[in-house]
Amino acid sequence: MNERVHVALPGGAYDVEIGPGLLAKSGSFVAPLLHRPRVVVISDENVAALHLETLRAGLASEGISMEALCLPPGEGTKCWAELTRCVEWLLDQQVERGDVVVAFGGGVIGDLVGFAASVLRRGVRFVQIPTSLLAQVDSSVGGKTGINTHHGKNLVGAFHQPSLVLADTAVLGTLEPRDFLAGYGEVVKYGLLGDAAFFDWLEQKGPALADGNGAVRVEAVRRSVQMKADIVVRDETEQGERALLNLGHTFGHALEAATGYSNRLLHGEGVAIGCAMAFELSSRIGLCSQEAPSRVRAHLRTMGMKVDLADIEGDLPDADALLGLMGQDKKVVEGQLRFILARDIGEAFVTGDVSKTDVLAVLKDALAQR
Ligand code: GLY
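Residues numbered from 1 in each chain as written. Predicted model: local features only at pLDDT ≥ 70, side-chain atom pairs only at ≥ 80, totals over all residues. Heavy atoms only, no water.

Mind laying out the sheet that holds strand 2 (residues 14-19), listing which residues take part and the relevant values?
Taken in spatial order, the seven strands make up an open sheet running 1-2-9-6-5-3-4, and their pairing is mixed. A single partner strand is all that each edge strand has here, and the edge strands are strand 1 (3-7) and strand 4 (65-71). Strand after strand, the sheet turns through a mean of 20° between neighbouring axes, direction not considered. When strand 5 (residues 100-105) meets strand 6 (residues 125-130), the two strands line up parallel, connected through six bridges. Residue pairing for strand 6: valine 102 is matched across the bridge by valine 127. Sitting on the sheet, helix 4 (residues 107-119) touches strand 3 (38-44), strand 4, strand 5 and strand 6, and the angle it makes with strand 5 is about 165°. (Pairing = 2+ DSSP bridges. Helix = DSSP H or I, 4+ residues; strand = E, 2+ residues; numbered from the N terminus. Axes fitted to C-alpha atoms, helices over the stretch in contact; angles between N-to-C directions. Contact = heavy atoms within 4.5 Å.)

Before we move on, could you go through the environment of aspartate 15 and cite the residues and values that matter?
Along the chain, the position of aspartate 15 falls in strand 2. Residue aspartate 15 is classed as partly exposed on the basis of its relative accessible area, which comes to 22%. Through-space distance from the C-alpha of aspartate 15 to that of phenylalanine 29 is 10.0 Å; in sequence the pair is 14 residues apart. The residues touching aspartate 15, leaving out its near neighbours within four places in the chain, are Arg4, Val5, His6, Leu164 and Val165. Among the polar contacts made by the side chain of aspartate 15, one reaches the side chain of histidine 6 at a distance of 2.7 Å. (Buried < 20%, exposed > 50% of the residue type's maximum accessible area, 1.4 Å probe, protein only. Polar contact = N/O pair within 3.5 Å; in protein donor to acceptor, adjacent residues only side chain to side chain.)

Explain the pattern of salt bridges to me, using residue names and the numbers behind them.
Going through the model one piece at a time under the given rule, you end up with 25 salt bridges. For the salt bridge of glutamate 17 with arginine 4, the shortest nitrogen-to-oxygen distance reads 2.7 Å. Within this pair, whereas glutamate 17 is found in strand 2, its partner arginine 4 is found in strand 1, the two being separated by 13 residues in sequence. Residues arginine 36 and glutamate 96 are paired through a salt bridge, measuring 3.7 Å at the closest nitrogen-oxygen approach. With arginine 36 in the loop between helix 1 (26-30) and strand 3 and glutamate 96 in the loop between helix 3 (80-92) and strand 5, the pair connects residues that are 60 residues apart, well separated along the chain. (Salt bridge = Lys/Arg side-chain N within 4 Å of Asp/Glu carboxyl O.)

Explain the site of the ligand to me, and be specific about the residues and the numbers.
By nearness alone, every residue bordering the ligand is listed as Asp138, Lys144, Lys228, Glu238, Arg242, Leu245 and Asn246. Lysine 144 is positioned such that a nitrogen or oxygen atom in its side chain is 2.9 Å from an oxygen atom of the ligand. Burial of the ligand by the protein amounts to 90% of the accessible area it has alone, namely 200 Å². Taken together, the residues of the shell around the ligand break down into one nonpolar, one polar and five charged. (Near = heavy atom within 4 Å. Areas by Shrake-Rupley, 256 points an atom, 1.4 Å probe, with all protein chains shown as cover. Nonpolar A, V, L, I, M, F, W, Y, C, P; charged D, E, K, R; others polar.)

Structure representation (structure tokens):
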């Protein structure tokens, strides 16, 4: 039996199905959405090599045929050129308004293909089949889609909700440990931003989760998705509360930009370091005790994750340049940076009331420890 989280959006509710073996059963979940027994799937080469035939068989068991396009793996694929390629390929496949596009991969594929679906024929429905932990707990749910430009991450996109999300947790067993742990950065984020009991649970269960305990993985994904669904239903287009989901992202996006969106720093690694820095900043300006950032960092260390700027290989720009990179963040409002800070673990809030001097001090100290 799989778990189900219902995302009760008035403009289009959908389910997130979570559990092992969902690829093999995909046909039974997708069939009710279809007007004709055919889907088009866009994936990446790594995911396709491991799982595309399982998906094909799962769909075929319900008489659904599938055509697939496989793109290069990596953040570089979330770009204008690959968006064009997706849209033209979908048109080549004669996808109609009533058809369903499937995004089969990690966050890059989900964001890119969701955006392609949002603009194709002014919007066709799409199904997310996330294969990374990061995509299962965060990016596949909530309808944010888009691409990166040379100005920064996710600066071009659309809100376009999926019609269904199938999170097959058995697939997580094929991830490289580094990729799995990067996704864990987003899991920890949920505990840190709004659920101290979940963070306590992660402190206890994190090692079992990393070791591959299936039941713990399902529960971690379910609790993360439930929390995200609750927030998205209250604030679909990020007018307020949804910004909490960006805990760690203001620092993280600047670090990703500074490392050229390369393998030097994966997105989830940037989020984990960013969460530690957000708690450090919160503590320094007297919002929370010093114990809170220490506990965050201790847990990330226990999990074998990147925690500090010292964990990023190679050169980094100076503190002023990193602050400049934050200026491109989507959370900038009227030129004012907004941060997600915290009064304690599980008590995050959004604020524009942070002095650049305090941010610079945190960045300078972090750089000095490299
Ligand atoms: N990943 C943050 C959000 O979906 O709002």
